[in-house]
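# Structural overview for review
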Amino acid sequence: MIHLATLLTGLIFGLGLAVSGMTDPQKVLGFLDITGNWNPSLMLVLGGAVGTGLIGFHLILKRHQPLLADQFHLPGQTSITPSLLIGSAIFGIGWGISGYCPGPAVALLANPNWETLVFLPGLLLGHCLQRWVATFAVSR
């Protein structure tokens, strides 16, 4: 049951990304380019996502446990650390350069182009590199 719920959630998320235009890197870059030809249409997507998330988390966290698990898995650390800031900056720079975010890039596997096929291996390589660096840093 949990695998079906995961699949359906991913399909709905991917559909939402496609319908909203988040899978079009030119539209995303147009939204991020506030000093040039700014395209504010994704502000509605952002507002809808934040509003839905705020209401959803408020309602879900009132439950004693999730529907398909024994407990909630929430982050233990709530402070802002240098590694969080550095990772966020790297993520933002990559998003601003490419116009791709991991979610929309994975959704584009349904209709890939050459940019997606370059971005996703780079994303996986960056993920593996981060895990290797984190393991190295912990062992010191």
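Here, the structure is the one placed above.
Everything quoted here is computed from the prediction, not taken from an experiment.

## Points about the overall build of the protein
Within the protein, the secondary structure is distributed over six helices and zero strands. Going residue by residue from the N terminus, the α and β elements of the protein occur as α-α-α-α-α-α. With the C-alpha coordinates of the protein rotated into their principal frame, the extents come out at 45 × 40 × 30 Å. By the burial criterion, 16% of the 140 residues in the protein qualify as buried. Considering only residue pairs separated by 6 or more positions, the protein has 38% of its internal contacts joining residues 24 or more positions apart. Carbon and sulfur atoms make up 72% of the accessible area of the protein, which amounts to about 10900 Å² in all. Here the protein contributes 5 positively and 4 negatively charged side chains, and the mean placements of these two sets differ by 16 Å.

## A few points about the state of the cysteines
All told, the structure shown has zero disulfides when counted by the stated rule. Among the cysteines around Cys101, which has no disulfide bond, Cys128 carries the closest sulfur, lying 18 Å off. Residue classification places Cys101 among the buried residues on the basis of a relative accessible area of 16%. Residue classification places Cys128 among the exposed residues on the basis of a relative accessible area of 51%.

What counts, and at which threshold
- Residues numbered from 1 in each chain as written.
- Predicted model: local features only at pLDDT ≥ 70, side-chain atom pairs only at ≥ 80, totals over all residues.
- Heavy atoms only, no water.
- Helix = DSSP H or I, 4+ residues; strand = E, 2+ residues; numbered from the N terminus.
- Buried < 20%, exposed > 50% of the residue type's maximum accessible area, 1.4 Å probe, protein only.
- Contact = heavy atoms within 4.5 Å.
- Areas by Shrake-Rupley, 256 points an atom, 1.4 Å probe, with all protein chains shown as cover.
- Lys, Arg positive; Asp, Glu negative; His and termini not counted.
- Charge placed at Lys NZ, Arg CZ, Asp CG, Glu CD.
- Disulfide = S-S within 2.5 Å.

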